[in-house]
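# Notes for the structure review
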Amino acid sequence: MKIPHHANRILFFVIVSVLFACNQTEQPKKDFHRLIHNNDGTDMLGNRWFGQRPITVADVNACVDMVADGTQVTTYMMCSGSDFLYYRSKYGPVIGDDLNGTINCGKDTTAYKEAHRYYLHHLALEKEGTDVIAASLNRAKEKGLEAFITYRMNDIHFADTTEVCPIWYAGGFWRAHPEYWTHDTAQGWHSGGALDFLHQEVRDHKLAIISEQLDKYDMIDGFDLDFMRFIVYFKGSEGAKKENTEAMTQLVKNIKAKVDEVSAKRGKKILLSVRVPSSMESCREKGLDVKDWIRLGLVDFVSIGVHWRGDPAISVAKFKKELNEPSVPIYVSVDDGGYRPREFYSQGMHRGMVSHALAQGADGIYLFNYYLTEYNMNNKQLQTEPGGQVCRMRAPEMLKELGSLETLRKRNKVYCLSDGVREYNLILDTPLPLKVSGNGVAPIYIGDDVKTDRPEEVILFVRTNRPVDFKVQINGKSVDQQRPEYVALYDKALGLENKDTEYAFVVPAESITQGFNQVMFNYDGSDGLVVKRVEIALKYGDVETHGYF
């Protein structure tokens, strides 16, 4: 097992293994620092990193190797599907199975080929005696990584029969039981087709799939329940009802019992983890009583996040304080999204998000959908945005940095706030969009020890709903020096809408501090001002030596 930073942790895990074999119930120590890489399954099964060519076990190995070799990644998670599965199951067809040609997409042959390709790739791996889950996790173990299955508790990518080719949901439990859908379209995209976990039949179905996977894959070190895919489990306003939270807690109890049963059979502890919303309030509203799960000893560690668009300023410290369980590790999920669909976070923004999380006390990082497709298909060459300072491409080199604050020291970063756009009614800890009439404040957290490692330059980027004269201060000190050319240089005009205007200011380095920085806006106009984005870039040096923004 690849355990970063401290050799004494290796000795500790040997001791834990011996204790478990003697029927002890010791939990892994909180100080096992993880960098988790989650592969969504279709990314691998579609063989996207290699141009979607017919897949081989060698391709699977190469994908795992890119994540594992020379990086800080400790834990490899492979998604197993949801109700469209990535292996031969008693409980539904393999993703993309056209049931011997009986299912098609009508005249949309392109959609059919795209969907059916996953099944053809499954057949190719099956001929080599494996499937995408076994192949990837066995390779992860060979590379010294922890191996986890991550199961999407309610994936609704294809939960709309009016717009999705039937090949995606052919023959499955979901298609056969529309009476178990929420039929609540108000929560978000495809939410009306989400399975409603108030039904015992739904919970039994999910438990059966999870039990099958626990029995089938004997290489795993843990099983991850991904509640964020998708975070719809009950009818909207009814999520927090006592009967719902109790039903969901009972399901987690049943899963934990199965995990412990399999652990005993194999003579090793299999961990159970969960990925849940980033605020206790959102957890409760969605019917997830995480505090009770911890109190009952059901969960070994918790990852927190939001939906795809992400939140670059998750309040880890607030979540940990509300949970009040210092023995349970809390990891922060960094998603592949951005402010807008396909406006991906840049490398500098990833460094800022991770630094923010670790400096606030996160026990590690969970990288969700950290695809290397574009990098691999670009002959492993980075591609920058116009201006040459920004790179939005995810690359293996970043996996050598994102595991610790030490390796992020003096690396160029961008700290950001969420712009406040909510998905699936999740609660975000952000003041944006900020309406300013008089004064308005947007606190932004900086994880760097800027007194010890002083940046070469500090840049404040502000996006407003229209061009207007306003004043801005950071920590009570006026910020006056504008650099309008930095907007293009740092690719900050991306996503401008209507009369949106982007501003760039140079900030004296002595004005900022490690921790929360108060960015105050003053505007005296009667028509009001809306601040839509706030970012602080720390430049430690040239991008070639200190990293792209």
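Higher on the page you've got the structure.
Described below are features of the structure shown in this document. (Residues numbered from 1 in each chain as written. Predicted model: local features only at pLDDT ≥ 70, side-chain atom pairs only at ≥ 80, totals over all residues. Heavy atoms only, no water.)

For the rest of this paragraph, the subject is the pairing of strand 16 (residues 515–523). Relative to strand 16, strand 11 (residues 438–446) is paired through nine bridges, and the arrangement is antiparallel. Along strand 16, the bridge assignment pairs Val441 with Met520. When strand 13 (residues 471–474) meets strand 16, the two strands line up antiparallel, connected through four bridges. Paired with Gln473 across the two strands is Met520, which belongs to strand 16. (Pairing = 2+ DSSP bridges. Helix = DSSP H or I, 4+ residues; strand = E, 2+ residues; numbered from the N terminus.)

We now examine the nonpolar core. Ranked by internal contacts, the top residues of the largest apolar core, which has 140 residues, are Met153, Trp168, Phe227, Val276, Val290, Trp293 and Val302. The greatest single-element share of this core, amounting to seven residues, is contributed by helix 3 (residues 57–68). Apart from the residues within four sequence positions on either side, Trp168 is in contact with Phe84, Ile95, Ala115, Tyr118 and Phe158. Counting residues in hydrophobic clusters, the runner-up holds 32 residues, among them Val436, Val450, Phe470 and Leu538. (Core = buried A, V, L, I, M, F, W, Y, C linked by side-chain atoms within 4.5 Å. Buried < 20%, exposed > 50% of the residue type's maximum accessible area, 1.4 Å probe, protein only. Contact = heavy atoms within 4.5 Å.)

Once that is clear, we can look at the state of the cysteines. Here a disulfide denotes a covalent bond joining the sulfur atom of one cysteine to the sulfur atom of another. Applying the stated criterion across every chain, the model contains one disulfide. Across a sulfur-sulfur distance of 1.7 Å, Cys105 and Cys165 are joined as a disulfide pair. Across the disulfide from Cys105 to Cys165, rotation about the S-S bond amounts to roughly -80°, and the bridge is consequently left-handed. In this pair, Cys105 sits in the loop between strand 2 (75–79) and helix 4 (109–127) while Cys165 sits in the loop between strand 3 (146–152) and helix 6 (173–176), placing the two residues 60 residues apart along the sequence. (Disulfide = S-S within 2.5 Å.)

This next bit is on the packing of aromatic side chains. For the structure shown, the criterion picks out 24 aromatic pairs. Ring geometry for Phe227 and Trp293: centres 5.3 Å apart, planes at 35°, overall tilted. Note that Phe227 is positioned in the loop between strand 4 (222–226) and helix 8 (242–266) and Trp293 in helix 10 (residues 290–295), a separation of 66 residues in sequence. Here Phe227 falls in the buried class, since its relative accessible area comes to 0%. A relative accessible area of 0% means that Trp293 is categorised as buried. Centre to centre, the rings of Phe230 and Tyr424 are 5.8 Å apart; their planes meet at 85°, and the pair counts as edge-to-face. Here Phe230, found in the loop between strand 4 and helix 8, pairs with Tyr424, found in the loop between strand 9 (413–416) and strand 10 (434–436); they are 194 residues apart in sequence, far enough to count as distant. (Phe/Tyr/Trp six-rings, centres within 6.5 Å; stacked < 30°, edge-to-face > 60°.)

This part takes up the environment of Tyr375. With respect to the secondary-structure elements, Tyr375 resides in helix 13 (residues 373–377). Through-space distance from the C-alpha of Tyr375 to that of Val354 is 21 Å; in sequence the pair is 21 residues apart. Once residues lying within four places of it in the same chain are set aside, the contact partners of Tyr375 are Lys380, Gln381, Leu382, Met393, Arg394, Ala395, Pro396 and Glu397.

Before going further, it helps to examine the sheet that holds strand 16. Spatial strand order, 11-16-13-14: four strands in an open sheet with antiparallel pairing. Each edge of the open sheet is held by one strand with a lone partner, namely strand 11 and strand 14 (477–478).

What follows is about the pattern of salt bridges. Taken as a whole and judged by the stated rule, the model has 41 salt bridges. Two residues, Asp260 and Lys256, come together in a salt bridge whose shortest N-O distance is 3.2 Å. Here the residue Asp260 and the residue Lys256 both occupy positions in helix 8, the gap between them amounting to four residues, near one helical turn. Taking the relative accessible area as the measure of exposure, Asp260 reaches 37% and is therefore partly exposed. Measuring nitrogen to oxygen at the nearest pair gives 2.8 Å for the salt bridge that ties Glu497 to Arg340. Residue Glu497 is found in the loop between helix 15 (485–489) and strand 15 (501–507), and its partner Arg340 is found in the loop between strand 7 (330–334) and helix 12 (347–359); the two are separated by 157 residues along the sequence. (Salt bridge = Lys/Arg side-chain N within 4 Å of Asp/Glu carboxyl O.)

Let us now look at the sheet that holds strand 2. Read around the barrel, eight strands follow the order 1-2-3-4-5-6-7-8 and close on themselves; strand pairing throughout is parallel. This sheet shows a mean twist of 25° between the axes of neighbouring strands, independent of strand direction. (Axes fitted to C-alpha atoms, helices over the stretch in contact; angles between N-to-C directions.)

Where helix 7 (residues 200–216) contacts helix 8, the two axes come as close as 10 Å, and the packing angle between them is 20°. If you check the angle between helix 7 and helix 8, you find them roughly parallel. The hand of the helix 7/helix 8 crossing is right-handed. Taking contact as the criterion, the partners of Arg203, Leu207, Ile210, Ser211, Leu214, Asp215 and Lys216 in helix 7 are, on helix 8, Ala247, Leu251, Asn254, Ile255, Lys258, Val259, Val262 and Arg266. (Parallel < 35°, antiparallel > 145°, perpendicular 65-115°, else oblique. Left-handed = near helix turned anticlockwise from the far one by under 90°.)

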